[in-house]
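Residue strings, one per chain:
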Amino acid sequence: MEQLMEVLKAAAPKVDWTAEGNLIEEGILDSVDIISVVSELTAEYDIEIPAEEMEVENFCCAQAIYDMVQRLLDE
């Protein structure tokens, strides 16, 4: 999780990744941030994030992103 937090901070430094709640619904994480996050994740973890994974639930908080990355790495 620590490595992921560094990736997320690099991708979207203005986002408080430790905040409680839904980062998207609360307007903290926007579409440009998500594109940056996806780009950083694909580069850092050498994974592809398919279109069906591009759901609010997968990007609502750091833990959800971590869970998605772990799932994709296990495939």
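So, how was this worked out
- Residues numbered from 1 in each chain as written.
- Predicted model: local features only at pLDDT ≥ 70, side-chain atom pairs only at ≥ 80, totals over all residues.
- Heavy atoms only, no water.
- Helix = DSSP H or I, 4+ residues; strand = E, 2+ residues; numbered from the N terminus.
- Rg over C-alpha atoms; globule rule 2.2 N^0.38 Å.
- Buried < 20%, exposed > 50% of the residue type's maximum accessible area, 1.4 Å probe, protein only.
- Contact = heavy atoms within 4.5 Å.
- Areas by Shrake-Rupley, 256 points an atom, 1.4 Å probe, with all protein chains shown as cover.
- Patch = residues over 30% accessible without salt bridge, like charges linked within 9 Å, V, L, I, M, F, W, Y side chains within 5 Å.
- Salt bridge = Lys/Arg side-chain N within 4 Å of Asp/Glu carboxyl O.
- Lys, Arg positive; Asp, Glu negative; His and termini not counted.
- Charge placed at Lys NZ, Arg CZ, Asp CG, Glu CD.
- Polar contact = N/O pair within 3.5 Å; in protein donor to acceptor, adjacent residues only side chain to side chain.

*Asks:* Can you help me understand the overall build of the protein chain in this one?
*Replies:* Of the regular secondary structure elements, the protein chain holds four helices and zero strands. Walking the protein chain from its N terminus toward its C terminus, one meets helices and strands in the order α-α-α-α. Compactness check: the protein chain gives a C-alpha radius of gyration of 11 Å against a globular reference of 11 Å for 75 residues, within 12% of the reference. Referenced to the eigenvectors of the C-alpha coordinate spread, the extents of the protein chain come out at roughly 30 × 25 × 20 Å. Out of the 75 residues belonging to the protein chain, those deemed buried represent 39%. Expressed as a percentage of contacts within the protein chain between residues at least 6 apart in sequence, the contacts between residues at least 24 apart total 50%. Element-wise, carbon and sulfur atoms account for 49% of the exposed surface of the protein chain, whose accessible area totals about 4500 Å².

*Asks:* Just checking my understanding: could you explain a negative patch on the surface for this structure?
*Replies:* Together, E25, E26, E52, E55, E57, D74 and E75 make up a region of like negative charge exposed at the surface. Within the secondary structure layout, D74 lies in helix α4 (residues 62–74).

*Asks:* Help me understand the environment of M5 in this model?
*Replies:* Among the structural elements, M5 can be located in helix α1 (residues 2–11). Exposure remark for M5: the relative accessible area of 14% places this residue in the buried category. C-alpha of M5 to C-alpha of Q63: the two residues are 58 residues apart in sequence and 9.7 Å apart in space. Filtering out sequence-adjacent residues up to four positions away, M5 remains in contact with W17, T18 and A62.

*Asks:* Is there a simple way to explain the side chain of D33 in this structure?
*Replies:* As for its position among the elements, D33 is in helix α2 (residues 31–45). A polar contact is formed between the side chain of D33 and the side chain of K14, at a distance of 3.4 Å. Setting aside anything within four residues of it in sequence, one finds D33 in contact with A12, K14, V15 and I28.

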